[in-house]
Amino acid sequence: RKEVEQDPGPFNVPEGATVAFNCTYSNSASQSFFWYRQDCRKEPKLLMSVYSSGNEDGRFTAQLNRASQYISLLIRDSKLSDSATYLCVVSLLKAAGNKLTFGGGTRVLVKP
Amino acid sequence: DTAVSQTPKYLVTQMGNDKSIKCEQNLGHDTMYWYKQDSKKFLKIMFSYNNKELIINETVPNRFSPKSPDKAHLNLHINSLELGDSAVYFCASSQKGREDGYTFGSGTRLTVV
C-alpha cells in the first residue's frame, strides 16, 4: 500500500464549478499535512498547509480527518488557471529530519 | 533572485556516463533534499542533508552520491548512468523545525539514451 494515495483523475471541471477530492495516508504518526500544486513540467509549489480544524485560503478549503486518515481539498468557483496536478503531502518529523511524502497527484482540468 | 536554483535544467547523456547536477539555495535554510520524479509522476525522496550532514538516504543505488560542501549547496553525482535513471530531479530546501513545507528548484530533466 502506498503511503499517500490519491485518485489520479483527471477531474474535468466546468469553469465556475466546485470540485473536491481527497487523499488517504497510511502512517498514523504523520504530523503535518499539505497540498502542493504542480503545473506541467514545473516544480511543485506549496498551495496550503492543512490544519486539524480545517482551513480556508480564498477559494480553497482543506480538511483533515485524523481518525480516518484522509485529507481533502475543495476548490470553489474554479478558474481556468486552477488546471494543474494537486499533490497531497504528509510530513513525518523525525530526529533525522523532516521527510515529506508525496501522493501521486490528482489532475484537475478546468474547461470553459 | 531565484530561491533554489538547479543546473543544468536539461541533461541528455548516454548510458554509462557520469554526470552531476548542482543545487544552491539562498533562503538561509539548513536542510536540503534531492527528490526524483519518475515518468509516473511520483515524487520520491532520495537524500536529505542538514548542515552538510546526511540525514536521510532512501534506498538509493550507490551510483548516486550527494555532496554538500556547505549548507547552501547540495550536489548530486551519478555514476554509470542507466536508462532507468531518466527522470526529473528536484532539489528542495527547508528550515529544520519549521513545518511549512519545502521550496523546490525548477528541476533537472535527465534523459539517458
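Only a predicted model underlies this, so the values are computations on that prediction, with no experimental measurement involved.

The rules behind these values
Residues numbered from 1 in each chain as written. Chains lettered and ligands numbered in written order. Predicted model: local features only at pLDDT ≥ 70, side-chain atom pairs only at ≥ 80, totals over all residues. Heavy atoms only, no water. Phe/Tyr/Trp six-rings, centres within 6.5 Å; stacked < 30°, edge-to-face > 60°. Buried < 20%, exposed > 50% of the residue type's maximum accessible area, 1.4 Å probe, protein only. Helix = DSSP H or I, 4+ residues; strand = E, 2+ residues; numbered from the N terminus. Core = buried A, V, L, I, M, F, W, Y, C linked by side-chain atoms within 4.5 Å. Contact = heavy atoms within 4.5 Å. Buried area = accessible area lost by both parts, 1.4 Å probe. Salt bridge = Lys/Arg side-chain N within 4 Å of Asp/Glu carboxyl O. Polar contact = N/O pair within 3.5 Å; in protein donor to acceptor, adjacent residues only side chain to side chain. Nonpolar A, V, L, I, M, F, W, Y, C, P; charged D, E, K, R; others polar. Pairing = 2+ DSSP bridges.

### A short note on the packing of aromatic side chains
Evaluation of the coordinates by the stated rule reveals 16 aromatic pairs over all chains. A centroid spacing of 4.9 Å and a plane angle of 45° characterise the contact between A:Y25 and A:F33, whose relative ring orientation is tilted. For the pair A:Y25 and A:F33, one class covers both residues: buried. Where B:Y33 meets B:Y102, the ring centres are 4.0 Å apart and the plane angle is 15°; that geometry is what we call stacked. Separated by 69 residues along the polypeptide, B:Y33 in strand β4 (residues 31–37) and B:Y102 in the loop between β9 (87–94) and β10 (103–104) bring together distant segments of the chain.

### Let's talk about the nonpolar core
Within the largest apolar cluster, 22 residues are counted, with the highest numbers of intra-cluster contacts made by A:F21, A:W35, A:I71, A:L73 and A:Y86. Secondary structure elements with two or more residues in this core: β3 (19–25), β4 (32–38), β5 (44–50), β7 (60–65), β8 (70–75), β9 (84–94) and β11 (106–111) of chain A. Of all hydrophobic cores here, the second largest spans 20 residues; its members include B:I21, B:F64, B:A87 and B:C91.

### Observations concerning the interface of chain B and chain A
Counting residues at the interface gives 21 residues for chain B, matched by 21 residues for chain A. The contact between chain B and chain A buries some 1,900 Å² in all, and 55% of this surface belongs to carbon and sulfur atoms. Inspection of the chain B/chain A interface yields 0 salt bridges. Applying the counting criterion to the chain B and chain A interface returns 4 residue pairs in polar contact (both at pLDDT 80 or more). Looking at the side of chain B that touches chain A, the elements that each hand over two or more residues are β4, β5 (43–50) and β6 (53–57) of chain B. Broken down by element, the side of chain B that touches chain A gets its largest block of residues, 3 residues, from β4(B). Within the side of chain B that touches chain A, the residues separate by chemical class into 10 nonpolar, 4 polar and 7 charged.

### Things to note about unusual backbone geometry
For the bond running from A:G9 to A:P10, omega is 10°, close enough to zero to count as cis. With respect to the element layout, A:P10 can be found in the loop between β1 (4–6) and β2 (11–14). Even without being a glycine, A:Q69 presents a positive backbone phi close to 60°. Examined against the element boundaries, A:Q69 turns out to sit in the loop between β7 and β8. Residue classification places A:Q69 among the buried positions, given a relative accessible area of 17%. If you check the backbone angles, B:K52 has positive phi at about 75° while not being a glycine. Looking at where B:K52 falls in the secondary structure, it is placed in the loop between β5 and β6.

### Considerations on the pairing of β5(B)
Residue and element names in this part refer to chain B. Of all the 8 residues making up β5, 7 are buried; the element is thus mostly covered by neighbouring parts of the structure. By the bridge criterion, 7 bridges tie β4 to β5 in an arrangement that is antiparallel. Among the inter-strand pairings, M32 is bridged to a residue of β5, identified as Y49. Remark: 5 residues form the turn of the hairpin made by β4 and β5, two consecutive strands paired antiparallel; K41 in that turn has positive phi of roughly 75°. Looking at chain direction, β5 and β6 are connected through 4 bridges and run antiparallel. Bridge assignment links F47 to a residue of β6, and that residue is N57. Hairpin connection, β5 to β6: the antiparallel pair is bridged by 2 residues, and N51 has positive phi, about 50°.

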